[in-house]
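What the coordinates show
One-letter residues, chain by chain:
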Amino acid sequence: EDQVTQSPEALRLQEGESSSLNCSYTVSGLRGLFWYRQDPGKGPEFLFTLYSAGEEKEKERLKATLTKKESFLHITAPKPEDSATYLCAVQEGNQGGSEKLVFGKGTKLTVNP
Amino acid sequence: EAGVVQSPRYKIIEKKQPVAFWCNPISGHNTLYWYRQNLGQGPELLIRYENEEAVDDSQLPKDRFSAERLKGVDSTLKIQPAELGDSAVYLCASSGQVNTEAFFGQGTRLTVV
C-alpha cells in the first residue's frame, strides 16, 4: 500500500487558471510533509515543509496547506514557468526513528500561455 | 553557498560492468541520502548516513550495491556488476538536521546497455 498518493498524475492549465494539487498520506505519525518542484533533468528543488494540521505556507503563487490526512498545493494565477513536476514527501516519526522521506509519484503540471 | 554536487551527470555502461557515483553534500550537513528515481516515479531511498554511520540501508540491494562516506563528508555509491534494471537517476541529498528539508543534487543519469 502506497504511503503517499498524489493526484492528479498530470494537469494542464491555461495561464492564469488557478488550481490545486493533492497529496494524501497514510503514516502512523507524521513528522513533516515536504513539497518539492522538479524540472526535467534536474534534482528536486525544496519548496515547503509543513509539520502540523492547519499549517499553511506561501511562496509567490504557491500555497501549501496540511490536514491530518492530506496536503494541498494551491497554485494561483499560474505562469508557464510554473510548469514542472511537483513532488510530495512525508517523513514518518515512530519509535524506530526512521527518518527517510517517502515520496509520491508526483503531479506533472503544464501551464500553457 | 554551493549546493549538493554530484558527478558524473551522465553515465552509460554495459551490463555487468562496475560504476561509481560521487556526492559532495552542502558544507556542515551531517545527514546524507542516496535516492534512486525511475522514470515517472518519485525518488526512493537507498541509504541514509548520519555523519559516517549508515543508519538506514534497508532498501540498498547489498548483493551489488555498496556505499561509503569517509570522514562524514563526501560519499560514493557503487554498483558492481550493473544490470539493465539499474538504469535510473541516482540522486544525492543532504540536510542539516533530521526533520528538516533535504537539498538535492542534479543527479546522475545511469544507462545500462
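Before any of the text, the structure's been laid out above.
Residues numbered from 1 in each chain as written. Chains lettered and ligands numbered in written order. Predicted model: local features only at pLDDT ≥ 70, side-chain atom pairs only at ≥ 80, totals over all residues. Heavy atoms only, no water.

Along chain B, the regular secondary structure elements total 0 helices and 11 strands. Moving toward the C terminus, one meets the helices and strands of chain B in the order β-β-β-β-β-β-β-β-β-β-β. In terms of C-alpha radius of gyration, chain B reaches 13 Å, essentially the compact-globule figure of 13 Å for 113 residues. Referenced to the eigenvectors of the C-alpha coordinate spread, the extents of chain B come out at roughly 40 × 25 × 25 Å. Residues classed as buried in chain B amount to 45% of the 113 residues present. In chain B, once contacts between residues fewer than 6 apart in sequence are set aside, the share between residues at least 24 apart is 52%. Here chain B has roughly 5600 Å² of accessible surface; of this, 48% comes from carbon and sulfur atoms. Once the 12 positive and 14 negative side-chain charges of chain B are each reduced to a mean point, those two points are 7 Å apart. (Helix = DSSP H or I, 4+ residues; strand = E, 2+ residues; numbered from the N terminus. Rg over C-alpha atoms; globule rule 2.2 N^0.38 Å. Buried < 20%, exposed > 50% of the residue type's maximum accessible area, 1.4 Å probe, protein only. Contact = heavy atoms within 4.5 Å. Areas by Shrake-Rupley, 256 points an atom, 1.4 Å probe, with all protein chains shown as cover. Lys, Arg positive; Asp, Glu negative; His and termini not counted. Charge placed at Lys NZ, Arg CZ, Asp CG, Glu CD.)

Another aspect to go through is the sheet that holds strand 7 (residues 65–68) of chain B. Residue and element names in this part refer to chain B. As summarised here, the arrangement of the 4 strands in space is 1-3-8-7, forming an open sheet in which the pairing is antiparallel. Pairing within the sheet leaves two strands with one partner each, and these edge strands are strand 1 (5–7) and strand 7. In this sheet, adjacent strand axes meet at a mean angle of 15° when their direction is disregarded. The sheet contact formed by strand 3 (residues 19–24) and strand 8 (residues 75–79) spans 5 bridges and is antiparallel. (Pairing = 2+ DSSP bridges. Axes fitted to C-alpha atoms, helices over the stretch in contact; angles between N-to-C directions.)

A few words on the sheet that holds strand 1 (residues 4–7) of chain A. Residues and elements named next belong to chain A. The strand order 1-3-8-7-6 describes an open sheet built from 5 strands, whose pairing is antiparallel. Edge strands, defined here as strands with exactly one partner in the open sheet, are strand 1 and strand 6 (56–59). Strand-to-strand twist across the sheet, computed as the mean angle between neighbouring axes with direction ignored, equals 15°. Where strand 3 (residues 19–25) meets strand 8 (residues 70–75), 6 bridges bridge the pair, whose relative direction is antiparallel. Paired with C23 across the two strands is S71, which belongs to strand 8.

The next subject is the pattern of salt bridges. Pairing between side chains becomes possible if they bear opposite charge and their charged atoms approach one another. Tallying each qualifying case throughout the model produces 8 salt bridges over all chains. Two residues, R61 of chain A and D82 of chain A, come together in a salt bridge whose shortest N-O distance is 2.8 Å. Taken together, the residues R61 of chain A in the loop between strand 6 and strand 7 (62–66) and D82 of chain A in the loop between strand 8 and strand 9 (84–92) connect sequence positions 21 residues apart. Between D57 of chain B and K62 of chain B there is a salt bridge, and its shortest N-O distance comes to 3.8 Å. Judged by relative accessible area, D57 of chain B falls into the partly exposed class, the value being 29%. A network of salt bridges, in which partner residues are shared, links R64, E83 and D86 of chain B. (Salt bridge = Lys/Arg side-chain N within 4 Å of Asp/Glu carboxyl O.)

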